[in-house]
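# Remarks on the overall topology
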Amino acid sequence: MTTPASIQRVQVIDTHTGGEPTRVVVAGGPDLGDGPLSERRTLFRERFDHFRSAIVEEPRGSDVMVGALVCQPLDKTCAAGVIFFNNAGCLGMCGHGTIGVVVALGHAGRLIAGRHRLETPVGAIGIEYDGANQVALENVPCYRHAAGVTIEVEGLGPVTGDVAWGGNWFFLVSEHRQALELANVERLTDLTWRMRQALRAAGITGPDGQEIDHIELFGPPRNPAADSRSFVLCPGKAYDRSPCGTGTSAKLACLVADGKLKPGQVWRQESIVGSVFEGSVRIENGQMIPRISGTAYVNAETTLLLDPRDPFCMGMRH
Ligand code: PYC
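A brief look at the structure comes next. Everything numeric in this text was worked out from a predicted model, so none of it was measured. Here the residue numbers are simple positions, counted from 1 along each chain's written sequence. With pLDDT at 70 or above as the cut-off, local features in this predicted model cover only qualifying residues; side-chain atom pairs require 80 or more to be listed or tallied, and sums for whole chains, interfaces and linings still use all residues. By convention in this description, side-chain values take in all heavy atoms of the structure and omit both hydrogens and water.

This brings us to the overall build of the protein. In this description a helix means any DSSP run of H or I spanning at least four residues, a strand means any run of E spanning at least two, and both kinds are numbered starting from the N terminus. For the protein, the count of helices and strands is 5 helices and 16 strands. For a compact globule the rule gives 2.2 Å times the number of residues to the power 0.38, and the radius of gyration it is set against comes from C-alpha atoms. For a compact globule of 318 residues, the expected C-alpha radius of gyration is about 20 Å, and the protein comes in at 19 Å, within 12% of that figure. Accessible area is worked out with a 1.4 Å probe on protein chains only. A residue is then buried under 20% of its type maximum, exposed over 50%, and partly exposed in between. Split into buried and exposed, the 318 residues of the protein put 55% on the buried side. Within the protein, contacts between residues at least 6 apart in sequence are counted, and of these 63% link residues at least 24 apart. For every accessible area listed, the method is Shrake-Rupley and the probe measures 1.4 Å; residues are considered covered only by the protein chains on display. Counting only carbon and sulfur atoms, one obtains 48% of the accessible surface of the protein, whose full area is about 13,600 Å². His residues and chain termini do not enter the charge count, which takes Lys and Arg as positive and Asp and Glu as negative. In this description, the location of a charge corresponds to atom NZ of lysine, CZ of arginine, CG of aspartate or CD of glutamate. Placing the 30 positive and 35 negative side-chain charges of the protein at their respective mean positions leaves the two points 1 Å apart. Any two residues whose heavy atoms approach within 4.5 Å are treated as being in contact.

What follows deals with the site of the ligand. In the region of the ligand, the neighbouring residues are Cys94, Gly95, His96, His214, Cys234, Asp240, Cys244, Gly245 and Thr246. Here a polar contact is recorded for every N or O atom pair within 3.5 Å, except that within protein the pair must consist of a potential hydrogen donor and a potential acceptor, and residues adjacent in sequence are included only if both atoms are side-chain atoms. Between the ligand and Asp240 there is a distance of 2.8 Å, counted from a nitrogen atom to a side-chain nitrogen or oxygen. Here Thr246 contributes a side-chain N or O atom positioned 2.7 Å from an oxygen atom of the ligand. Starting from 240 Å² of accessible surface for the ligand in isolation, the protein chains cover 100%. At a threshold of 2 Å from the grid points, most atoms of the ligand map onto the largest cavity. When residues of the shell around the ligand are traced back to their parent elements, those giving at least two are helix H3 (95-107) and helix H5 (245-257). Any residue with a heavy atom lying within 4 Å of a molecule or strand is counted as near it. Cavity means a closed set of points on a 1 Å grid over the protein atoms alone, one where a 1.4 Å probe fits but cannot get out, pocket means an open set with protein on both sides within 12 Å along at least 5 of 7 lines, and lining means a residue has an atom within 4 Å of a point. The way we define it, a molecule is inside a pocket or cavity when more than half of its atoms are within 2 Å of that pocket's grid points.

With that out of the way, let us pick up the pairing of strand E11 (residues 169-173). Burial within E11 is extensive, with 5 of its 5 residues counted as buried. With burial as the criterion, each face of E11 is covered, one bearing Trp169, Phe171 and Val173 and the other bearing Phe170 and Leu172. Of the strand pairs in this sheet, strand E10 (residues 157-165) and E11 are connected by 4 bridges, and their pairing is antiparallel. Residue Asp162 lies in a different strand from E11, and its bridge partner there is Leu172. Strands pair, by our definition, only if DSSP identifies at least two bridges between them. With antiparallel pairing between neighbouring strands as the criterion, E10 and E11 make up a hairpin whose turn holds 3 residues, including Gly167 at a positive phi of roughly 110°. Bridge count for E11 against strand E12 (residues 214-219) is 4 bridges, and the pairing is parallel. Each residue of the ladder has a partner; that of Leu172, found in E12, is Glu216.

Bringing helix H4 (residues 185-201) into the picture now. To estimate how far a helix should reach, multiply one less than its number of residues by 1.5 Å. Along its 17 residues, H4 runs 24 Å from first to last C-alpha, staying within 8% of the 24 Å computed at 1.5 Å per residue. Burial in H4 covers these residues: Val185, Leu188, Thr189, Leu191, Thr192, Arg194, Met195, Arg196, Ala198 and Leu199. Where H4 is buried, its residues contact strand E9 (143-153), E10, E11, E12 and strand E13 (228-233). Looking one or two places after H4, you find Gly203, whose phi comes out positive at around 70°.

The next thing to look at is the nonpolar core. Nonpolar side chains in soluble globular proteins tend to end up buried together. Membership of the largest hydrophobic core comes to 63 residues, with the highest contact counts inside it found for Phe84, Val101, Ile151, Phe171, Met195 and Phe231. Aside from chain neighbours lying at most four places away, what touches Phe231 is Leu180, Val185, Leu188, Thr189, Thr192, Ile215, Glu216, Leu217, Tyr239 and Ile272. We define the nonpolar core as a collection of buried residues of types Ala, Val, Leu, Ile, Met, Phe, Trp, Tyr and Cys that are connected through side-chain atoms lying within 4.5 Å of one another.

On to the pattern of salt bridges. For salt bridges, the criterion is a side-chain nitrogen of Lys or Arg within 4 Å of an Asp or Glu carboxyl oxygen. Taken as a whole, this structure holds 17 salt bridges when the rule is applied. Linking Arg115 and Glu128 is a salt bridge whose minimum nitrogen-to-oxygen distance equals 3.6 Å. Taken together, the residues span a long stretch of sequence, with Arg115 in strand E6 (residues 114-120) and Glu128 in strand E7 (residues 123-129) at a distance of 13 residues. For Glu128, a relative accessible area of 27% gives the class partly exposed. One salt bridge in this structure joins Arg196 and Glu211, with 3.1 Å as the shortest N-O distance. Residue Arg196 is found in helix H4, and its partner Glu211 is found in the loop between H4 and E12; the two are separated by 15 residues along the sequence.

Attention now moves to the packing of aromatic side chains. Aromatic pairs are defined between Phe, Tyr and Trp rings, using the six-membered ring for Trp, whenever the two ring centres lie within 6.5 Å; interplanar angles under 30 degrees are classed as stacked, those over 60 as edge-to-face, and all others as tilted. Applying the stated criterion across every chain yields a total of 5 aromatic pairs. Here Trp165 and Trp169 contribute two aromatic rings whose centre-to-centre distance is 5.3 Å and whose plane-to-plane angle is 50°, an arrangement assigned as tilted. In this structure, Trp165 and Trp169 share a single accessibility class: buried. Put simply, the rings of Phe44, Phe51 and Phe85 touch in pairs and so form one group of aromatic residues. By definition here, charges over rings are those cases where NZ of Lys or CZ of Arg is within 6 Å of the ring centre and within 35 degrees of the ring normal. Here Arg241 stacks its cationic end above the ring of Tyr239, 3.8 Å away from the centre of that ring. Between the NZ or CZ atom of Lys251 and the centre of the ring of Phe218, over which it lies, the distance is 4.0 Å.

So this is what it looks like as structure tokens:
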């Protein structure tokens, strides 16, 4: 079979981390130059949004899919650079995605067992890889920005939560009277989406005006070995099937700030589908460094074809 030369070929490795998919672009992505990853992410956002949607949105992907563009690092102590994206745009960092990228690179023979560093647009992170499916990552520093913030949520009334950073911005709510069950995801999605809108309407942001675009609800775990169960709403309205690495980092920051967790103590966070991440923090130069570990599996290695004759080649919105 022959295919026209104008068809763009993109090599991907698909993984899932605790049920949450990551599509890792290992070849055929756009050339973003060799500047800082934060600048390359801006370039990607401004000039290659069609590529983002072609990789993660329908008809090749879905709202749940997170993409990871692997690139050359600027920081030569890093094994690779990575830019994460989803159906809503680019992410600062992505914990489940990092675990997926490491396992994908291991699968491709591009990373061996041991300690490495990965460069992301929000900083370099440390990783420890067992050479198979288990990855621990040392995330960017996490912190609680604001405690006990009350918002008025349409149809629900006042809701109080904390605003914290774990590589993305989170609003963390423990008092919500909702059952954190898969059977309840439509309601949980609707309520957390309304919380996000209420935060926006109230002008509650990160310290530099960043939107709080992830919402986390916490409740008792089902798994007796876990400390807590969570539901996490992502920016594009999909819910995270994994316990969310950046969200767990934000949770750790709040627990330590409240004196409920000590540095070095392990916290097991269960997701809405029952997958578990282990987390802990250590303090370095007064900053809280979260460590998150979990497992990922490879689902597919394939070549995506971007055929300009296809009316939905770049997704439904491009
Ligand atoms: O694991 O950090 C994470 C994450 C962010 C969005 C989806 N997963």
